[in-house]
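Each chain, written out:
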Amino acid sequence: MPDCRRALSYLASLFFLFAFWWFLATIINNPGLPGPLPSLQSLVEVWWPDLARHLCISTYRVLGSLALALITGVPLGLLAGRHPVLDSFLAPLVYLLYPVPKVALLPVAMVLLGIGDATRMLVIYLVIVNQILITTRDAARQIPPQLLLSVASLGAGKISLYRQVIIPACLPEIITAGRISLGSAISVLFISETIAGNSGVGYFILDGLFRADFGAMFAGIMAMAGMGLVLYMMLNLVEYLLCPWQRQ
Amino acid sequence: MIRVINLDYTYYTAGGAVPALINLNFTVPAGQTCVLIGPSGCGKTTLLYLLGGLLQPARGEIWIGGEKIKGPRQRTAMILQDYGLLPWKTVWENAALGLALRKLTSRQQRERLQPLLAGLGLSGLEKRYPSQLSGGQKQRVAIARALSLEPDVLLMDEPFSALDALTREGLQQTLVEIQNQRRLTTVLVTHNIEEAVFLGRQIIVLTGPPGQVKAVLANEGAGREDYRFAPEFHQLCTRVRQILQR
Ligand SMILES: Nc1ncnc2c1ncn2[C@@H]1O[C@H](COP(=O)(O)OP(=O)(O)OP(=O)(O)O)[C@@H](O)[C@H]1O
Ligand SMILES: [Mg+2]
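Residues numbered from 1 in each chain as written. Chains lettered and ligands numbered in written order. Predicted model: local features only at pLDDT ≥ 70, side-chain atom pairs only at ≥ 80, totals over all residues. Heavy atoms only, no water.

Quick look at the interface of chain B and chain A
Right, so step 1: Contacts between chain B and chain A engage 21 residues on the former and 17 residues on the latter.
Right, so step 2: In total, chain B and chain A occlude about 1800 Å² of area from one another, counting both sides; carbon and sulfur atoms represent 67% of this.
Right, so step 3: At the junction of chain B and chain A, the tally comes to four residue pairs in polar contact (both at pLDDT 80 or more).
Right, so step 4: Those elements that provide at least two residues to the side of chain B that touches chain A are β6 (76-79) and α2 (91-101) of chain B.
Right, so step 5: Here the side of chain B that touches chain A gets three residues from one element, more than from any other, and that element is α2 of chain B.
Right, so step 6: Here the residues of the side of chain B that touches chain A are counted per class, giving 13 nonpolar, four polar and four charged. (Contact = heavy atoms within 4.5 Å. Buried area = accessible area lost by both parts, 1.4 Å probe. Polar contact = N/O pair within 3.5 Å; in protein donor to acceptor, adjacent residues only side chain to side chain. Helix = DSSP H or I, 4+ residues; strand = E, 2+ residues; numbered from the N terminus. Nonpolar A, V, L, I, M, F, W, Y, C, P; charged D, E, K, R; others polar.)

As structure tokens, then:
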């Protein structure tokens, strides 16, 4: 049973991580780094309704900005990859904007849009849309011309070529870009939630720090890690469902 | 019938113009198999794309069945170098793609494809993906897809080059049988001299680059059952080899 063995190996590494954490906490022996057991205990204590509410808000922000980045980045990337004219306009723009630290725009966005969800989602969006756009464009560029020609020779028009060839050819790369973006999105989310406002897991963690409630702080960190893990697994599931030809 | 008249083709790249074909003239009578053979880079694939309407000539004309070619033609089927099967579609979906693009219902698709796949020995593989097939099986799927459109012209670019000798000869036989049943006008590109002589009722030897016609050979015995063992077969192979090396 390979599935069974895989699940077991995941459990084993989870156990290993917790053991390592426990080991660190024991030798450092500082209330700033509680061990896994006290942290789990306070996770249970603060979970309902407080942490759960913050977690919902954070998840909404991450998923919302990821969806927005996919909805805009993927079509643009596909078109830029297939139409050099569009790319020659888009490529320098992306290139020039790439080194600008988008997180630095957070204060600007706050002045302009206030400290609501829109500000945070905009900044997360700006960080990840580049990655998605560039990966999609490169994937669309690398489609073997023979595939396109052979389908064109069957009488496919432009739209059919996108549906039958270009989109499925890029789909695995797009999902990979989504997975990579997810990590960046959660980092930026954390920063944006610690700067201002009073909602989200980032705020919850920082609030724990200020109240010197390190148990709550670690409960927040675990919640954020758990959110990342679940979203990551969901993307894997999406890949499994949408790309059956890639299964072993 | 295929007629090629004063055909030129040039690729334009960042490095400048690359002439690929210069002043080609030949005719393939209806229902015959014509083989194109020539050194790598002499423009065989380019010529096939032009015949299929995927590229437009720089000069000259191509006529098929009394019609001038301006784009892909409904009744021309193509099998490209390295198969052109879509990795994300199953055997069935790949074979049915042409029919689906022509908006046939799934029932009509089944009626046409099932006997074709069975005839090509592909029954039972319908749900597999191309990565799960052998080279010969992939190529038979490509043949099934081409034949599903009930073409009168079949264009093939090195269809058997990636296969071992036995599989290759088996598929050559399949092709001869299809040819005997359906009388397609076929243009086949190959690097392999024996394949050219076994299949080509007419053999066009190209040189290049840029591609030009070097010789046109008639080959009465093409497709005959025991042709491979006949002295004429070997004589013609030698002649083709000599022309290619000259
Ligand atoms: N897209 C392209 N842009 C520029 N030049 C090209 C392009 N495709 C082919 N060529 C050039 O045109 C010439 C003919 O190429 P073609 O692919 O038709 O050769 P071929 O006879 O099929 O070769 P092979 O036997 O290796 O498949 C070659 O010299 C090649 O370098
Ligand atoms: Mg070629």
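Let's pick the thread back up.
With respect to the nonpolar core
Right, so step 1: Within the largest apolar cluster, 113 residues are counted, with the highest numbers of intra-cluster contacts made by Val62, Val151, Val165 and Met227 of chain A together with Ile143 and Val197 of chain B.
Right, so step 2: The contacts of Val151 of chain A, once residues within four sequence positions are left out, are Ala156, Leu161 and Val165 of chain A together with Leu86, Leu97 and Leu101 of chain B.
Right, so step 3: In this structure, Ile2, Leu7, Ala20 and Leu55 of chain B belong to the second largest nonpolar core, which totals 31 residues. (Core = buried A, V, L, I, M, F, W, Y, C linked by side-chain atoms within 4.5 Å. Buried < 20%, exposed > 50% of the residue type's maximum accessible area, 1.4 Å probe, protein only.)

Here we look at the packing of helix α2 (residues 36-82) of chain A against helix α9 (residues 214-242) of chain A
Residues and elements named next belong to chain A.
Right, so step 1: Between α2 and α9, the least distance of the axes is 8 Å, while the angle of their chain directions is 45°. In terms of orientation, α2 lies oblique with respect to α9. The crossing of α2 and α9 is right-handed. Contact residues: α2 offers Ser39, Leu40, Ser42, Leu43, Val46, Leu51, Leu55, Ser58, Thr59, Val62 and Leu63, while α9 offers Gly215, Ala216, Phe218, Ala219, Gly220, Met222, Ala223, Met227 and Leu231.
Right, so step 2: For the contact of α2 with α9, the class distribution of residues is 14 nonpolar, six polar and no charged. (Axes fitted to C-alpha atoms, helices over the stretch in contact; angles between N-to-C directions. Parallel < 35°, antiparallel > 145°, perpendicular 65-115°, else oblique. Left-handed = near helix turned anticlockwise from the far one by under 90°.)

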